[in-house]
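The residues making up each chain are set out below.
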Amino acid sequence: MNKRLALRYAGRRLRRITSAGELRVLALAIFIAVTAAAAVGLFSDRMRGALEAQSGEALGADLLVTGREALPADLADAAEQLGIQTLEHLNFPSLVLAGDNTALAAIKAVSPGYPLRGELRIAPEAFSPAATTRDIPKPGEAWADARLWSELGLQTGSQVQVGNLKLTVSAFLEYEPDRGVGFVDLAPRLLVNRQDIADSGLLGPGSRVQYTRMFSAAANSLAQLRKTTDLPPALRWITPSEARPEVRQALDRAGKFLDIAVLAVALLAAVAVALTAQQHGERLRDEIAVMKCLGASRAFVLQAHILSLLLLGAISTLLGLLAGYAGQAVLANLLAGLIQNLDLPAPALGAMIAPAGLAMIMLLGFAAPPLVTASGTPPMRVFQRSAENSGSTSVIWATASLAVLAILGWQTRELELGAYVLAGSAAALILLALITWLLVRSLTGLRHRGGLSWRFGLGNIARRRRRSIGQAVALGLGLLALLLVSVVREDLLNAWQDRLPADTPNVFLINIQSEQLDPLKSFFAARGYDQLRLWPMARGRLVELNGEAVTADSFEDPDTQRWINRDFNMSWSDYIGWDNKITEGEWWGDEADGQAWLSAEEYARERLGIGIGDRMTLQFGPEKIEFTVHNFREVQWDSFQPNFFLLAPPGVIENVPAQWLTSFYLPRDQRSLLRDLMTEFPNITALDLEAAMNQVRSIVDRLVQAVEFMLLFTLLAGLVVLLAAIEGTRGERARETALLRTLGASSRTLQWGLLSEFAVLGLIAGLVAAATAQGIAWLLAVQVFDIPYGLSPGLWLISTLAGAGLVMLFGWLSLRGVLRTPPTRVLQGA
Amino acid sequence: MTAVEAKALIKDVNPAQSGGTNLLHILRGVNLKVNAGETVAILGGSGSGKTTLLSLLAGLDLPSQGENWLDGQRLNDLDEDGRAALRAGRVGFVFQSFQLLPGFSALENVMLAAELAGERNAESSARQILAQVGLQDRLEHLPHQLSGGEQQRVAIARAFAGKPRILFADEPTGNLDTVTGERIIELLFELNRAQGTTLILVTHDAALAERCRRVLHLRDGQLHEQEQQVA
Ligand SMILES: Nc1ncnc2c1ncn2[C@@H]1O[C@H](COP(=O)(O)OP(=O)(O)OP(=O)(O)O)[C@@H](O)[C@H]1O
Ligand SMILES: [Mg+2]
């Protein structure tokens, strides 16, 4: 049979697509899936491209080594021997005074030649046109950035004081290449000459200096350097692609949300496609039988229908790709601004392969199987409606689901997450089916009570148990999607946003000496802060585990090696905050005073492989103390509260040299307190976390917006599933109601009958969806996102009622026309 | 030349999976030979097996036993696609319930048959034949926009569009009122005469049967030829 004819026939069928409501739903489902996948796919691809292509400029060098202690001197020698350019600079937070104003700034002390890659841009006045420069501030001068400029009310030539150093502001620093690799730096910048720092008194003990050595050279010399140099375990090479891991982390989390949204859209769309294709296949049977009478072979019929499916799919895919292109621009707008200096490459057309492939899998994997079955309809059906062939599509559908997972896994590079979602959906589906089955069964007893319409409606459900269960499951799935979207939106995203309550401490004081405790307390008490909680902190080094000496070499894992090579910040207390959760063992009370017990963060367990009862010996200066692990905690590190890996009860580490630290919330209008504090306690360092917190808040806000944007698609996909489930029985119901009307049932009776049927189906679906949604939300919250999550009973009520309402509404919209047209027309046309 | 031939056709059906174990014997040895160009009516009561027989003769279904030929080809040897290919361009159908493709216009319904028959100028011949049945003004209408009589005229146009050698009609007037039915029959016989088609027509309308050259009665699963007045 010739192909041109098949194509012509396919084309003709397609033109009449309006006569087949289910095909419109199918096209819509594919469109939505492709749009979502393309939007996220294109965006992630651009993001990935941008991060990978990030040049050395973002580091100000091609390679860095950075640490909290002075870097080994031979590092510079080794580099110079290899002809590698190298420079060291220092970074530390410090209070800057200018007249009556103070600001906490990030001081960066640089030497001539800085930066090795990229250029500084400065201007003589704030916000006046800037020009690039190869210079750095002369000794005695400083360059301030825009924030510092405005916070301190600077003028060119203003005097600023840092520690005991007096500097003249000589330029407005508009841009420094290694500033904005990640989130905008925490504090405003003051750029100074390294020469000045030496005698500033700023580098004394307790200062928070970060030493950074920059390298710049061709890639092979750098490789050579990395090969020949043994870095102390506490240090690490940093290449441009791994700058600022926290950016990646935050983006990763958002990316996970986005990927889950796409997966959910794809799976829902697949369900909608399968449902509609099933209906379409049923409807095609009569037509196929006639075609076969006219002499068409099965192959021709199949070819024609697959062709029209592909044509339809191609149109939806194309439109979806276009819409997805627009969608990625929305995402890029929301998220790309989070990272400075990040040039997003143009969207790569290659990233459209996966969404197009997804559409193909949906068409061939979900839409085609029912058509293949239908194409086997025997021609006898023209005489005998019961003539049918059998064919199972479930195996193909299961395979196709895996294919969807595979292609999305490939696109998102998150196969594990995909498997999670797929397994979850399968479990949800089974759960849905099971509960629905039970509920439908239990209805049987009710169907003989109540009015005529009610009996008719319930009777419909009970008579067609299989169809009803199928429909309720599909409806439940649609509702589940809607619920999950709102749960994710309301609970998960809010939980993420609200991790930082409004009175979260925004100032940290560190470097407090023991003899300053009382004066400090009275300082604060005089200003109305009497709840100040001060934490002692001693630095200890792990020397023995269960009595045996350990060094970095006792461990294989480089992370562990690095970790135990540093001093542990250790504290003692009889109190832990809300951001600490005991995971094993119990927190101690008064009885613990003076006991050498230890409360360890889970990370320690993971790194050292220790358990409760294990003994850890820590060395504090000359003194060694052996502790017994008493419990494990999980700390929420981004709570902006002081936290420690290791805690002991009070009265154990008393004789060890310790510093104290505290944190408190300082309202905007009381910032002058900091100035007083600095004057009275010059050695205490104040860390202003306000900016950092706002940063985190605004980043999360942006990420949440992006996720919400994608959830919109999930919502649409859920609605499409609802639509598919209801449209699916439309033909059958139309014929049925028409027949009943010819038999004398009033259209009022039928109307109420249908409505009560839909209401009951909706109630069941809503109830089941609520149960499943809570389960899934809990899983997502606890397993994937690490966010605490509780039951919300309101959800059940809302879901059940909304389910009934939505299903009634959709059902009513779908069948309204049928109830109005004269029954003869329906019966003729059918 | 023999158009349709059947030898000892037997059709048993298993009355479904509804637990029934007894086979239903619908046809119990039907013998029939129809020459090219003949017009044959098959009469019989409701449920006597007329439709079943027709579907076997047209190769839509296979007999339980016995063999039959369509246009010289032994149907028992062919698979379903083979039988379909044999029908294409050689066999036309008119059904009691019209069986037009719902999404296709009148013209497209007719064209499709012509195209499947391998007709070169499918469109012009479809237009022509639709004009012959008086529907030149309704070419673009969809089946549900046409009355029953009009739908059946489209079906007749479709049946003749492929210039078939054999036409099977299963109670073509069964769903129509008397006047419309008569017009349809006129049309059927007119086109049949013009194209010299072999016609096998199933009906329980004796008057309609009289217009055929041969009249056969299906009773108890067997065919009985009615003595024929010479036309
Ligand atoms: N697949 C089947 N399964 C069960 N019974 C069948 C099947 N096919 C046909 N029959 C039965 O065989 C008998 C003959 O059916 P058939 O449709 O051929 O009769 P008919 O002569 O065309 O009747 P009518 O004039 O009412 O159209 C009927 O009793 C019918 O119920
Ligand atoms: Mg019949």
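Rules used in this analysis
- Residues numbered from 1 in each chain as written.
- Chains lettered and ligands numbered in written order.
- Predicted model: local features only at pLDDT ≥ 70, side-chain atom pairs only at ≥ 80, totals over all residues.
- Heavy atoms only, no water.
- Axes fitted to C-alpha atoms, helices over the stretch in contact; angles between N-to-C directions.
- Helix = DSSP H or I, 4+ residues; strand = E, 2+ residues; numbered from the N terminus.
- Parallel < 35°, antiparallel > 145°, perpendicular 65-115°, else oblique.
- Left-handed = near helix turned anticlockwise from the far one by under 90°.
- Contact = heavy atoms within 4.5 Å.
- Buried < 20%, exposed > 50% of the residue type's maximum accessible area, 1.4 Å probe, protein only.
- Arc of directions from axis to C-beta.
- Patch = residues over 30% accessible without salt bridge, like charges linked within 9 Å, V, L, I, M, F, W, Y side chains within 5 Å.
- Areas by Shrake-Rupley, 256 points an atom, 1.4 Å probe, with all protein chains shown as cover.
- Salt bridge = Lys/Arg side-chain N within 4 Å of Asp/Glu carboxyl O.
- Lys, Arg positive; Asp, Glu negative; His and termini not counted.
- Charge placed at Lys NZ, Arg CZ, Asp CG, Glu CD.
- Polar contact = N/O pair within 3.5 Å; in protein donor to acceptor, adjacent residues only side chain to side chain.
- Nonpolar A, V, L, I, M, F, W, Y, C, P; charged D, E, K, R; others polar.
- Pairing = 2+ DSSP bridges.
- Near = heavy atom within 4 Å.
- Core = buried A, V, L, I, M, F, W, Y, C linked by side-chain atoms within 4.5 Å.
- Phe/Tyr/Trp six-rings, centres within 6.5 Å; stacked < 30°, edge-to-face > 60°.
- Lys NZ or Arg CZ within 6 Å of the ring centre and 35° of its normal.
- pLDDT = per-residue confidence, 0-100.

Re the packing of helix α3 (residues 106-116) of chain B against helix α5 (residues 148-161) of chain B
Residues and elements named next belong to chain B.
Item 1. Contact geometry for α3 and α5: axes closest at 7 Å, N-to-C directions at 20°. On the basis of their axis angle, the class for α3 and α5 is roughly parallel. Judged by the twist between their axes, the crossing of α3 over α5 is right-handed. Side by side, α3 and α5 meet where Ala106, Asn109, Val110, Ala113 and Ala114 of the first sit next to Val154, Ala157, Arg158 and Ala161 of the second.

A few points about helix α2 (residues 80-87) of chain B
Residues and elements named next belong to chain B.
Item 1. What α2 keeps buried is the set Arg83, Ala84, Leu86 and Arg87. Taken around the axis of α2, the buried residues stretch over an arc of 160°, which confines them to a single face.
Item 2. Following α2 by one or two positions, Gly89 adopts a phi angle in the positive range, close to 80°.

Re a negative patch on the surface
Item 1. A cluster of acidic side chains, namely Asp574, Asp590, Glu591, Asp593 and Glu654 of chain A, defines a negative patch on the protein surface.
Item 2. Along the chain, Glu654 of chain A falls in the loop between β20 (646-648) and β21 (659-664).

Examining the interface of chain A and chain B
Item 1. Opposite the 27 residues of chain A that make contact, chain B presents 28 residues.
Item 2. On inspection of chain A and its partner chain B, the count reaches two salt bridges.
Item 3. Residue Glu80 of chain B pairs with Lys292 of chain A through a salt bridge whose shortest N-O separation is 3.4 Å.
Item 4. The interface formed by chain A and chain B holds six residue pairs in polar contact (both at pLDDT 80 or more) in total.
Item 5. Counting only elements with at least two residues in the side of chain A that touches chain B, the list comes to α1 (3-15), α7 (245-293) and α8 (298-335) of chain A.
Item 6. Tallying contributions element by element places α1 of chain A first for the side of chain A that touches chain B, with six residues.
Item 7. Looking at the side of chain A that touches chain B residue by residue, the class counts come to 15 nonpolar, four polar and eight charged.

Quick notes on the pairing of strand β6 (residues 141-145) of chain A
Residue and element names in this part refer to chain A.
Item 1. For β6, the tally of buried residues reaches four of five residues, placing the bulk of the element in the interior.
Item 2. Both β6 and strand β9 (residues 189-193) contribute to a ladder of three bridges, which runs antiparallel. From the neighbouring strand, Trp143 faces β9, where its bridge partner is Leu191.

Let's talk about the site of ligand 1
Item 1. Taken together, 13 residues are adjacent to ligand 1, and Gln384 of chain A together with Ser46, Lys50, Thr51 and Thr52 of chain B come closest.
Item 2. Flanking ligand 1 are residues from chains A and B.
Item 3. Gly49 of chain B places a main-chain nitrogen or oxygen 2.9 Å from an oxygen atom of ligand 1.
Item 4. Thr52 of chain B is positioned with one of its side-chain polar atoms (N or O) 2.5 Å from an oxygen atom of ligand 1.
Item 5. Protein burial of ligand 1: of its 640 Å² of free accessible surface, 66% is covered by the chains.
Item 6. When residues of the shell around ligand 1 are traced back to their parent elements, those giving at least two are β2 (24-35) and α1 (50-57) of chain B.
Item 7. Sort the elements by how many residues they give to the shell around ligand 1 and α1 of chain B lands first, with three residues.

Focus: the pattern of salt bridges
Residue and element names in this part refer to chain A.
Item 1. According to the stated counting rule, one finds 27 salt bridges over all chains in the structure shown.
Item 2. The partner of Arg527 in a salt bridge is Asp676, and the shortest N-O contact between them spans 3.6 Å. Highlighted residues: Arg527 in the loop between α14 (517-526) and β13 (535-545) and Asp676 in helix α17 (residues 672-680), separated in sequence by 149 residues.
Item 3. Take Arg527: its relative accessible area is 34%, and that puts it in the partly exposed class.

Comments concerning the nonpolar core
Item 1. Ranked by internal contacts, the top residues of the largest apolar core, which has 166 residues, are Leu26, Leu358, Met362 and Met710 of chain A together with Val4, Ile42 and Phe168 of chain B.
Item 2. It is α7 of chain A that provides the largest number of residues to this core, a total of 22 residues.
Item 3. Ignoring sequence-local partners within four residues, the contact set of Leu358 of chain A consists of Ala33, Ala37, Ala266, Val404, Ile407 and Leu408 of chain A.
Item 4. Leu43, Val94, Met111 and Ala114 of chain B belong to the second-largest nonpolar core, a separate cluster that totals 40 residues.

Describing the packing of aromatic side chains
Item 1. The final tally for this structure, using the stated rule, is 18 aromatic pairs over all chains.
Item 2. Their ring planes at 85° and their centres at 5.7 Å tell us that Phe524 of chain A and Tyr529 of chain A sit as a pair that is edge-to-face. Each member of the pair, Phe524 of chain A as well as Tyr529 of chain A, is classed as buried.
Item 3. Taken together, the ring pairs connect Phe523, Phe524, Tyr529, Phe664 and Phe681 of chain A into an aromatic cluster.
Item 4. Seen from the ring of Phe632 of chain A, Arg605 of chain A lies directly overhead, with NZ or CZ sitting 3.9 Å from the centre.
Item 5. Its end group placed over the ring of Phe189 of chain B, Arg211 of chain B keeps NZ or CZ at 4.8 Å from the ring centre.

Side note on helix α4 (residues 122-132) of chain B
Residue and element names in this part refer to chain B.
Item 1. Looking only at α4, the buried set comprises Ala122, Ser125, Ala126, Ile129 and Leu130. Burial along α4 is one-sided: seen end-on, the buried residues are contained in an arc of 135°.
Item 2. Contacts made by the buried residues of α4 are with α3, α5 and α6 (178-195).
Item 3. Positive backbone phi, at 85°, marks Gly134, one or two positions downstream of α4.

As for the confidence of the model for chain A
Item 1. Averaged over chain A, the pLDDT score is 80; the fraction of residues at 70 or greater is 85%.
Item 2. Counting interchain partners and residues more than four positions distant, the pLDDT-below-50 stretch residues 180-185 of chain A has 24 contacts.

Focus on the sheet that holds β2 of chain B
All names here are of chain B.
Item 1. With respect to topology, four strands assemble into an open sheet ordered β2-β1-β4-β5, the strand pairing being antiparallel. Because the sheet does not close on itself, it has two edges, and the strands there are β2 and β5 (73-74).
Item 2. Across two bridges, strand β4 (residues 65-70) lies against β5 in antiparallel orientation. Within β5, the position partnered with Trp69 by the bridge is Arg74.
Item 3. The strands touched by α1 are β1 (2-13), β2 and β4; relative to β1, the strand with the most contacts, the crossing angle is about 125°.

Re unusual backbone geometry
Item 1. Between Tyr114 of chain A and Pro115 of chain A the backbone carries a cis peptide bond, its omega angle lying at -10°.
Item 2. You can see Pro115 of chain A is positioned in the loop between β3 (101-110) and β4 (120-123).
Item 3. One non-glycine residue with positive phi stands out, namely Asp71 of chain B, at about 50°.
Item 4. Take Asp71 of chain B: its relative accessible area is 11%, and that puts it in the buried class.
Item 5. One non-glycine residue, Lys163 of chain B, lies in the positive phi region at around 45°.
Item 6. Along the chain, Lys163 of chain B turns up in the loop between α5 and β7 (166-170).

Focus on the environment of Arg702 of chain A
Item 1. Mapping Arg702 of chain A onto the fold places it in helix α18 (residues 690-728).
Item 2. Given a relative accessible area of 31%, Arg702 of chain A falls into the partly exposed group.

Here we look at the side chain of Ser125 of chain B
Item 1. Along the chain, the position of Ser125 of chain B falls in helix α4.
Item 2. Among residues more than four places away in sequence, those in contact with Ser125 of chain B are Ala114 and Glu119 of chain B.

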